[in-house]
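Examining the three-dimensional arrangement
Okay, here's what each chain looks like letter by letter:
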Amino acid sequence: MVRSLSFQLKVPVKSAILYRALPIVFAAGLAAAALVADAAMAKPQEVRVRTQGKLSFGTFMVFGKGSRAVSAAGAVADTAIVALDGSVPRPARFTIEYDRGNESKQTLEVIIEVVISAPSAMRVGGVDARLSAFETDLPGNARVASGEAMTVRLTDCRARVCSRTFNVGGRLDVTRRFSGAKVEIPINVDARIVARDRL
């Protein structure tokens, strides 16, 4: 008996008799972490990560094993899966914000270290999912592994809050052993100020 899996951020599975697709939902939950520096100041400088959009792998069906990759630009590459109507695959979108607090308005160059991390694999019911091969549209960081540090430079920062927005794509490998499930893999994005220079 052939069984199939789909993603909408989902993975439908046909029933034993009716061959009807039941959804397995995959969502990359994106938790943004902000680190505050110099807590002794009344309004200290800080860096924040804001989530503008979640990483979505859309809806598809897979027979046994398959994968879908979504690039930072939104291009989709499928292996051994069948695309279905439903949610649209798209990269995650983040904004890094540097807030200088109540300090002077001198022009600054701020260097921020950003780390993306996620579990290497998850199993929910009869579905195994693995998220890997992150890629971004940040200069010098086209490919990045989970836990690997990236550098974001905010140059010519004149306002109290300066920001940089970037996209994150990745590859999802799915193995369906039986049944269906809702799968959510948390992605954490942490940031910290590495350096700040007056220009």
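Focus on the overall build of the protein chain
In terms of helices and strands, the protein chain carries zero helices and 16 strands. Contacts in the protein chain between residues far apart in sequence, at least 24 positions, make up 73% of those at least 6 positions apart. Accessible surface computed for the protein chain: about 9600 Å², of which carbon and sulfur atoms make up 52%.

Structural notes on the packing of aromatic side chains
All told, the structure shown has one aromatic pair when counted by the stated rule. Measuring from ring centre to ring centre gives 5.7 Å for phenylalanine 94 and phenylalanine 166, while their planes differ by 35°; the resulting arrangement is tilted. Linking phenylalanine 94 in strand β9 (residues 92-99) with phenylalanine 166 in strand β15 (residues 161-176), this pair joins segments that are 72 residues apart in sequence. Neither phenylalanine 94 nor phenylalanine 166 differs from the other in exposure class; each is buried.

Considerations on the nonpolar core
Judged by nonpolar contacts, the single largest core of 39 residues is most densely connected at Tyr98, Ile112, Val114, Leu131 and Phe134. Secondary-structure elements contributing two or more residues to this core are β6 (46-53), β7 (60-70), β9, β10 (108-117), β12 (127-136), β14 (149-157), β15 and β16 (183-198). For this core, the element with the most residues is β16, which contributes six residues.

Some thoughts on the state of the cysteines
A complete count under the given rule lists one disulfide for this structure. Residue pairing for cysteine 157: its cysteine sulfur links by disulfide to cysteine 162, the two sulfurs lying 2.0 Å apart. Its torsion about the S-S bond being 95°, the disulfide of cysteine 157 and cysteine 162 is classed as right-handed. Taken as a pair, cysteine 157 and cysteine 162 share a single burial class, namely buried.

Quick notes on the side chain of asparagine 167
On the secondary structure map, asparagine 167 appears in strand β15. In this structure the side chain of asparagine 167 is engaged in a polar contact, spanning 3.2 Å, whose partner is the backbone oxygen of alanine 72. The residues touching asparagine 167, leaving out its near neighbours within four places in the chain, are Ala72, Pro91, Ala92, Arg93, Glu135, Thr136 and Asp137.

Observations concerning the pattern of salt bridges
Counting across every chain of the model gives 14 salt bridges. Among the salt bridges present, the one from aspartate 173 reaches arginine 130, with a minimum N-O distance of 3.6 Å. With aspartate 173 in strand β15 and arginine 130 in strand β12, this pair connects stretches of sequence that are 43 residues apart. We classify aspartate 173 as buried; its relative accessible area is 14%. Arginine 130 sits in the partly exposed class, given a relative accessible area of 39%. With its nearest N and O atoms 3.4 Å apart, the salt bridge here joins glutamate 135 to arginine 143. Overall, glutamate 135 belongs to the buried group, its relative accessible area being 18%. Overlapping salt bridges bring together Glu46, Arg48, Arg50, Glu97, Asp99 and Arg160 as one network.

What to know about the confidence of the model for the protein chain
Per-residue pLDDT for the protein chain averages 80, and the proportion of residues at 70 or more is 77%. Predicted confidence is poor over residues 1-24, with pLDDT under 50, and the contacts of this stretch with residues over four places away or in other chains come to 103 contacts. Counting interchain partners and residues more than four positions distant, the pLDDT-below-50 stretch residues 32-41 has 23 contacts.

Describing the environment of asparagine 188
Within the element layout of this structure, asparagine 188 appears in strand β16. Here the alpha-carbon distance between asparagine 188 and valine 115, two residues 73 residues apart in the chain, equals 8.0 Å.

Details of the side chain of glutamate 109
With respect to the helices, strands and loops of the structure, glutamate 109 is situated in strand β10. Under the relative-accessibility criterion, glutamate 109 is labelled buried at 19%. The residues contacting glutamate 109, other than those within four sequence positions of it, are Arg153, Leu154, Thr155, Ala195, Arg196, Asp197 and Leu199.

Cut-off values and rules
- Residues numbered from 1 in each chain as written.
- Predicted model: local features only at pLDDT ≥ 70, side-chain atom pairs only at ≥ 80, totals over all residues.
- Heavy atoms only, no water.
- Helix = DSSP H or I, 4+ residues; strand = E, 2+ residues; numbered from the N terminus.
- Contact = heavy atoms within 4.5 Å.
- Areas by Shrake-Rupley, 256 points an atom, 1.4 Å probe, with all protein chains shown as cover.
- Phe/Tyr/Trp six-rings, centres within 6.5 Å; stacked < 30°, edge-to-face > 60°.
- Buried < 20%, exposed > 50% of the residue type's maximum accessible area, 1.4 Å probe, protein only.
- Core = buried A, V, L, I, M, F, W, Y, C linked by side-chain atoms within 4.5 Å.
- Disulfide = S-S within 2.5 Å.
- Polar contact = N/O pair within 3.5 Å; in protein donor to acceptor, adjacent residues only side chain to side chain.
- Salt bridge = Lys/Arg side-chain N within 4 Å of Asp/Glu carboxyl O.
- pLDDT = per-residue confidence, 0-100.

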